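# Summary of structural features
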Amino acid sequence: MIDDQQTLTMLTVFSGVVALAIVILAVCVIAICLEMRKLSSRANEFMDRWQPVADSAEQTIEEFSAQSGQLLARLNEVAALLHKQALQADSLIDDLVATSQRSVKDVDMTVQKALATIQSTVESFDQAVRLPSQKLKAIVAGLSAALRHLAAGRAKDPGRISTDEEMFI
């Protein structure tokens, strides 16, 4: 009997623990149901608020998608045009550089020719003025020497010089 009594006590205790667990489980289920109602209520409020915003957002997204397609097409056109203009500008700059280099070479050659012409003119002027002036100077020097020689006359007698000197003293 002791065994039956112990088994019955254990069964009673175990049944009490199970009953207590079921009560706790029932309280938890009720609490969960209450929270689910609150959550459902909040979800309904959120959905009521979100529905007009969602429709507006969807419409805005559709408009943006349509406009972005147009904008992307325009941007692609502008990018292609800018690329074409950049290539033209590059070509124009290359032509300008080549032209300016040719112009610099032409100016340099013209300046070199002008300097050569000026140099030859100076040399010609030098030859035209200096040579005749040297010849004229030589002729004048020769004539001067001849005139001095003629004007001096004969050389004086050395004996007479001493008499003249004696008289002077």
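Rules used throughout
- Residues numbered from 1 in each chain as written.
- Predicted model: local features only at pLDDT ≥ 70, side-chain atom pairs only at ≥ 80, totals over all residues.
- Heavy atoms only, no water.
- Helix = DSSP H or I, 4+ residues; strand = E, 2+ residues; numbered from the N terminus.
- Buried < 20%, exposed > 50% of the residue type's maximum accessible area, 1.4 Å probe, protein only.
- Areas by Shrake-Rupley, 256 points an atom, 1.4 Å probe, with all protein chains shown as cover.
- Patch = residues over 30% accessible without salt bridge, like charges linked within 9 Å, V, L, I, M, F, W, Y side chains within 5 Å.
- Salt bridge = Lys/Arg side-chain N within 4 Å of Asp/Glu carboxyl O.
- Lys, Arg positive; Asp, Glu negative; His and termini not counted.
- Charge placed at Lys NZ, Arg CZ, Asp CG, Glu CD.
- Phe/Tyr/Trp six-rings, centres within 6.5 Å; stacked < 30°, edge-to-face > 60°.

## Details of the overall build of the protein
The helix and strand tally for the protein stands at 2 helices and 0 strands. Counting over 169 residues, the protein shows a buried share of 1%. For the protein, the accessible area works out to roughly 15600 Å², and carbon and sulfur atoms hold 67% of it.

## Some remarks on a negative patch on the surface
A surface patch of negative charge is lined by Asp-55, Glu-58, Glu-62 and Glu-63. Within the element layout of this structure, Glu-58 appears in helix H1 (residues 2-152). Using a relative accessible area of 46% as the deciding quantity, one classes Glu-58 as partly exposed.

## A closer look at the pattern of salt bridges
If you walk through the whole model with that rule in mind, you get 1 salt bridge. Among the ionic pairs, Lys-38 bridges to Glu-35, the shortest N-O distance being 3.7 Å. Of this pair, Lys-38 and Glu-35 both sit in helix H1, 3 residues apart, which is roughly one turn of that helix. What makes Lys-38 exposed here is its relative accessible area of 52%. Residue classification places Glu-35 among the partly exposed residues on the basis of a relative accessible area of 47%.

## Some points on the packing of aromatic side chains
In the structure shown here, the tally under the stated rule is 1 aromatic pair. Ring centres of Phe-46 and Trp-50 lie 6.4 Å apart, and the angle between their planes is 0°; this geometry places the pair in the stacked category. With Phe-46 and Trp-50 both in helix H1 and 4 residues apart, the pair spans about one turn of that helix. Exposure remark for Phe-46: the relative accessible area of 52% places this residue in the exposed category.

## With respect to a nonpolar patch on the surface
Taken together, the side chains of Val-107, Val-111, Leu-115, Ile-118 and Val-122 define a hydrophobic patch exposed on the protein surface, amounting to about 440 Å² of accessible area. By the element assignment, Leu-115 lies in helix H1.

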